[in-house]
Amino acid sequence: MHYGKLVAGVLLSLSLAGWGAVAEASTVDSAQAAVLAPGEQAEQRGRKVYQNEGLKLRIPRAYDGLLLTEALHDAEGDLFSVSERASVEAARKAYPGEFRGAGWLFSIGRVSEDRLHELLRGDMSGAELFATDGKGTYYIYYHPTDVRYMRDTPEAMQRDQEQWSKLNAWAWGKVRQNFIKDNGLNAISADNSSVGICLAQILYAPGTKFALAKNDETPRQGVQSLARSYGERLLYGNTFEMINEHKPLKGDKVTLFLPEQKTQLEFYRDKLGHDYVLEKRPNLKDILYKAVPVEEHAAALPIMEEWLQAEGVDQEAAAWGYTGDSFVGTWAEKVAGRGMISIQKGKSRGLYEVTVSWGNSAYETYFWHMTAEPAGHNGLRYKDCRHTIVTFSEDGTEKEKLVYEKGSGSFTLNSAHEVMWQDEVGSAGENAVFVKA
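None of the values given here were measured: they were computed from a predicted structure. Throughout, residues of each chain are indexed from 1 in the direction in which the sequence is written. For this predicted model, a pLDDT threshold of at least 70 governs which residues receive local features, and a threshold of 80 or more governs which side-chain atom pairs are given and counted, while totals over whole chains, interfaces and linings are taken from all residues. As a rule here, side-chain values cover all heavy atoms of the structure and leave hydrogens and water aside.

A. Up close: the overall build of the protein chain. Secondary structure elements are taken from DSSP: a helix is a run of H or I of four residues or more, a strand is a run of E of two residues or more, and numbering for both begins at the N terminus. For the protein chain, the helix and strand inventory stands at twelve helices and 23 strands. Considering the protein chain as a whole, with its 437 residues, one finds that 46% of them fall into the buried category. We call two residues contacting when some pair of their heavy atoms lies within 4.5 Å. The contacts of the protein chain with a sequence gap of at least 6 include a subset with a gap of at least 24, amounting to 58%. Each accessible area is a Shrake-Rupley result for a 1.4 Å probe, and residues are judged covered by the shown protein chains and nothing else. Carbon together with sulfur atoms contributes 49% to the accessible area of the protein chain, which is approximately 22,000 Å² in total. Three labels apply to residues, based on accessible area from a 1.4 Å probe with only protein chains included: buried if under 20% of the type maximum, exposed if over 50%, partly exposed otherwise in between.

B. Molecular detail of the packing of aromatic side chains. Only rings of Phe, Tyr and Trp enter the pairing, Trp through its six-membered ring, and a pair is recorded when the two centres are within 6.5 Å. The plane angle decides the type: under 30 degrees is stacked, over 60 is edge-to-face, the rest tilted. Inspection of the entire model under this criterion finds 17 aromatic pairs. Ring geometry for tyrosine 63 and tryptophan 170: centres 5.7 Å apart, planes at 75 degrees, overall edge-to-face. Of this pair, tyrosine 63 sits in helix H4 (residues 61-64) while tryptophan 170 sits in helix H8 (residues 161-173), placing them 107 residues apart in sequence. Here the two residues tyrosine 63 and tryptophan 170 agree in accessibility, since each one is buried. When the ring of phenylalanine 210 is compared with that of tryptophan 307, the centres are 5.7 Å apart and the planes differ by 55 degrees; the resulting orientation is tilted.

C. Structural view of the packing of H8 against helix H9 (residues 175-183). Orientation is described by axes fitted as lines to C-alpha atoms, over the contacting stretch for helices, and by angles from 0 to 180 degrees between their N-to-C directions. Where H8 contacts H9, the axes come no closer than 4 Å and their chain directions differ by 45 degrees. Compared by their axis directions, H8 and H9 come out oblique. Between H8 and H9, the contacting residues are Trp170, Ala171, Trp172 and Gly173 on the first element and Val175, Arg176 and Gln177 on the second. The nonpolar class holds Ala, Val, Leu, Ile, Met, Phe, Trp, Tyr, Cys and Pro. Asp, Glu, Lys and Arg form the charged class, and all remaining residues, Gly among them, are polar. For the contact of H8 with H9, the residue count by class is four nonpolar, two polar and one charged. Angles below 35 degrees are treated as roughly parallel, those above 145 as roughly antiparallel, those between 65 and 115 as roughly perpendicular, and all remaining angles as oblique.

D. Local environment of the sheet that holds strand S14 (residues 275-280). Note on pairing: DSSP must find at least two bridges between two strands before they are called paired. One open sheet holds the seven strands; their spatial order is S10-S9-S12-S13-S14-S15-S11, and the pairing between them is antiparallel. Unpaired on one side and paired on the other, strand S10 (220-221) and strand S11 (238-243) mark the two borders of the sheet. In this fold helix H11 (residues 224-237) packs onto S11 and strand S15 (287-293), with an angle of close to 65 degrees to the strand it touches most, S11.

E. Highlighting the sheet that holds strand S8 (residues 186-187). Read from one edge of the open sheet, six strands run S3-S4-S5-S7-S6-S8, paired in antiparallel fashion. Edge positions in the sheet fall to strand S3 (67-71) and S8, since each has one partner strand and no second. For strand S4 (residues 78-84) and strand S5 (residues 104-112), the ladder comprises five bridges, and the chain directions are antiparallel. Its bridge partner lying in S5, serine 83 is registered against tryptophan 104.

F. Expanded view of the side chain of aspartate 423. Checked against the element boundaries, aspartate 423 lands in strand S22 (residues 419-423). Charged residues are defined narrowly, with Lys and Arg counted positive, Asp and Glu counted negative, and His plus the chain ends left uncounted. The salt bridge definition used is simple: a Lys or Arg side-chain nitrogen within 4 Å of an Asp or Glu carboxyl oxygen. Put simply, aspartate 423 is tucked away with no salt bridge, and the nearest opposite charge, on arginine 381, sits 9.7 Å away. Counting of polar contacts relies on pairs of N or O atoms within 3.5 Å, with two restrictions inside protein: one atom must be capable of donating a hydrogen and the other of accepting it, and residues adjacent in sequence are counted only when both atoms are side-chain atoms. Looking at aspartate 423, its side chain comes within polar contact range of the side chain of tyrosine 404, at 3.4 Å. Within polar-contact distance, the side chain of aspartate 423 engages the backbone nitrogen of valine 425 at 3.1 Å. Non-local contacts of aspartate 423, meaning those with residues more than four positions away in its chain, are made with Trp368, Tyr382, Tyr404, Ser408, Ala428 and Gly429.

Just geometry here; none of it tells us what the structure is for.
See below:
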């Protein structure tokens, strides 16, 4: 149950027009002050944990009595909703049985990967991707984009403003990181600026047309199956922050064209080494974004240059007649021959089952198992790798140790029809070349 923008006008009119502008509070009554201050010490003294479908939401005991916390079960995938109790009660008095959304601080919900991709292709105002379980489920933090604070008198509005502010500071600053820690999740974020939405459309809207070009060269038509490796590093590895000041280009630029959206995004770097994106649309003012990496190796311009280069290689691979089926077979590591890659067609069309084995000794072998899909004409990409180490005993028994799951990476065919492996988790295949066995 996450509330949209429907209540914005009502709440705003009650807090501003009905009672005058909301005053900056200078006091809190003594009972509330004893509960709320000092906030950090109060949070350390205890917590109340709400549970829903095996997931935990931590509420400081100092705040619990001031909040209305709901465990939810609905079709939207909502798990928890938290509101300020006093605002809820004030709304019930003013609009008995008719009004919802007052006092809402946040909700937490979960979505599938397909649903996340759908959300990222549009405006996600009031919704922030913040976590994943690494198994295809993603967690969204929903929050208001308008005024939700409500009391039944101007005096109460002024008196309780500090309480409202502290609850909001906790909701925004603590809830997500605690939820990740308490539930063993992994932090993740995605940009949802206009730049991010364009990237998501290329990645997740089948049939989206796009092209890339360096400087003023002729644009090169892009291949969607190849885009994922580069577009996702941009989308999940950066925030694109709108800025008003002019930043002159230094060096080369790479432009991403989306003809159906009549949009072009120019990626470039300034003399200080910061990356920017200039968004251009017909009959509209150009908008400049600063690309701020939130992950390692996610700098925007180098990724765009890699992407453009990969598109050129893919065109060559198409001329060589390469397809995903060109990978099928058994491949041996070219130098020592201890590593083997087996690639077979999967049960589902367009997928490939891959096993990599690497003998570490006579009694120990490393294994990687993954399902890959085509990435252009000369590439396969995966993100579900399970890496294990199998140890063999003299009595014929074996012991398996799990190293990691959900690893990502890719396989590439070069012009000599050799396979190169990029393991993005452990760099196991770095500098290795595999030939047909």
